[in-house]
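# Architecture at a glance
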Amino acid sequence: MRATLMPWLILAALTGTAAAQDDAFPNRLGGGVPSPSITAPSFPPAPAEAEAVLSVSALLAGIGTPLKTGLAWRVYDDRGDGTRPNIVARSTEAEPSFKLAPGPYVVTVTYGFASALKRVTMAGQPLSDTLRVSAGALRLSGAVGDVRIAPAQLSFSVFVPVGTNSEGRLVRSGVKAGDLLRLPEGTYHVVSTYGESNAIQRADLKVENGKITDATLNHRAATVTLKLVAAPGAEAFAGTAFSVLTPGGDTIREAIGAFPQVTLAEGDYVLIARHDGQVFTREFKVESGMDRDIEVVAKPS
C-alpha cells in the first residue's frame, strides 16, 4: 500500500532542505555571514571660492579731483536676467572696501544728484577701481537792487528743461540760499521765490564739470505791512482779515492780524480789510525796494 505523506510532512521536509542549503557555508565564528554591499566612492567637498576685497574711490571727471565727502556707495549683485538686483553692500566713506564673494557686481556712487556706475567681476582676488563722476555745483542767492535778501526769506526750485518746457522735470524744490547743490553737468532752470506771494524770478543757469556756479537772482519787489486803522497813523485793529488782489480781481495773498507783512512783486494792487462785519478797501502800489506800511482807514459806511 502506497504511503501518503501528509502536507505538513512535505512542508517540513522542504524547510529542512532549505535550511541545509543556507548552512552549506557555516560561519565558524557564529552567526550568519553578512552580505557584501557596494557603495559610491567618497570624495572630499570642493573648496568654496574665497571672498576678496573690492576697494573703490571716486574722482571728478575731467579735472580728476578726488571726491572725499558727500558720497553714497552701493554694490548690487549683477544677475544679468533682467530682475531687480539686490543691494549687497553700502557705504558713505570716501574710499570704502567691500568683502565680496566671487561673481559679477554693479558698483554705483552718488554725489548729490550726480552719479556713476561700473560693472566688476570678483574672482577671489583683491580688486581696486575708480569711478569718475561728471558733476558741478550750484549755489544760489537773491537780492533787491544792491541789498541781499535774507536766506530765510528765499526758496529756490531747480528744473531740468525738457524740449521747449523750461520746467520739464523738477530736480529739487525748497533749496535755500547758500546751499551747495551738486548736479550733473548741464543747463538748469531756476525759480526763485521771495516771501510767500508773487515775488518770483527765473533764470537759466549752466553747471560746468568740477566748478561751482554762484548765481544771484535779482527781485523787483518790496515788503509791505498791512494795517486797518481808525485814522492815519493810529493803532491798528487786531483780528483784521486782509486780502491782496490784482486790479483784475485775482487773489494774491490773504492774512489775518493787526499788522501782517506781505512781500509782493512790483505793481498795482487792491487791498480789502474785513473787521467786525465791515469791509474796507483801498488801492496801493508796490515799488521795488521800498518797504512801507499800507494803511486802510476804517471810515464809517
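Computed from a predicted structure; not experimentally measured.

A count of helical and extended segments in the protein gives one helix and 22 strands. Across the 301 residues in the protein, those meeting the buried criterion constitute 35%. For the protein, the share of sequence-separated contacts (at least 6 apart) that also reach a separation of at least 24 residues comes to 55%.

Further remarks concern the pattern of salt bridges. Inspection of every chain in the model, using the stated rule, returns ten salt bridges. Between K118 and D129 there is a salt bridge, and its shortest N-O distance comes to 2.8 Å. Here D129 lies in strand 7 (residues 127-133) and K118 lies in strand 6 (residues 114-122), a separation of eleven residues in the sequence. Between D214 and R139 there is a salt bridge, with its nearest N and O atoms 2.7 Å apart. In this pair, D214 is assigned in strand 15 (residues 212-218) and R139 in strand 8 (residues 136-144), connecting sequence segments 75 residues apart. With a relative accessible area of 52%, D214 lands in the exposed category. Under the relative-accessibility criterion, R139 is labelled partly exposed at 31%.

Along the chain, the position of I256 falls in strand 18 (residues 251-257). The class for I256 is exposed, based on a relative accessible area of 68%. Excluding residues within four positions of it along the chain, I256 makes contact with G239, T240 and A241.

Time to look at the sheet that holds strand 1 (residues 52-60). One open sheet accounts for three strands, arranged 4-1-7; its pairing is mixed. Both edges of this open sheet fall to strand 4 (97-100) and strand 7, since each of them pairs with a single strand only. Geometrically, the sheet is characterised by an average inter-axis angle of 30° between neighbouring strands, direction not taken into account. Relative to strand 7, strand 1 runs parallel, the two being bridged by seven bridges. Along strand 7, the bridge assignment pairs L59 with R132.

Next up on the list: the side chain of T213. Inspection of the secondary structure puts T213 in strand 15. On the accessibility criterion, T213 (17% relative accessible area) is buried. Within the structure, T213 has its side chain in polar contact with the backbone oxygen of K206 (distance 3.0 Å).

Core analysis: the largest hydrophobic core is formed by 23 residues, its most contacted members being W73, V109 and V133. Put simply, the parts of the chain that give this core at least two residues each are strand 1, strand 2 (71-77), strand 4, strand 5 (103-111), strand 6 and strand 7. No other element matches the five residues that strand 1 contributes to this core. Membership of the second largest hydrophobic core comes to 22 residues, among which are L138, Y188, V207 and A221.

Backbone-to-backbone hydrogen bonds join strands into a sheet, with any given pair of strands oriented parallel or antiparallel. The sheet built from four strands is open, its strands ordered 3-2-5-6 with antiparallel pairing. A strand with exactly one partner marks an edge of an open sheet, and here the two such strands are strand 3 (87-91) and strand 6. Across the sheet, the axes of successive neighbouring strands diverge by a mean angle of 20°, strand direction being ignored. When strand 2 meets strand 5, the two strands line up antiparallel, connected through seven bridges. Its bridge partner lying in strand 5, A72 is registered against T110.

Once that is clear, we can look at the confidence of the model for the protein. Looking at the protein as a whole, the pLDDT averages 87, with 83% of positions reaching at least 70. Model confidence for the protein, summarised as mean pLDDT per element, is weakest for helix 1 (residues 7-22) at 42 and strongest for strand 17 (residues 240-245) at 98. Considering only residues more than four positions removed or in separate chains, one finds that residues 1-25, a stretch of pLDDT under 50, has one contact.

Reading the values: the criteria
Residues numbered from 1 in each chain as written. Predicted model: local features only at pLDDT ≥ 70, side-chain atom pairs only at ≥ 80, totals over all residues. Heavy atoms only, no water. Helix = DSSP H or I, 4+ residues; strand = E, 2+ residues; numbered from the N terminus. Buried < 20%, exposed > 50% of the residue type's maximum accessible area, 1.4 Å probe, protein only. Contact = heavy atoms within 4.5 Å. Salt bridge = Lys/Arg side-chain N within 4 Å of Asp/Glu carboxyl O. Pairing = 2+ DSSP bridges. Axes fitted to C-alpha atoms, helices over the stretch in contact; angles between N-to-C directions. Polar contact = N/O pair within 3.5 Å; in protein donor to acceptor, adjacent residues only side chain to side chain. Core = buried A, V, L, I, M, F, W, Y, C linked by side-chain atoms within 4.5 Å. pLDDT = per-residue confidence, 0-100.

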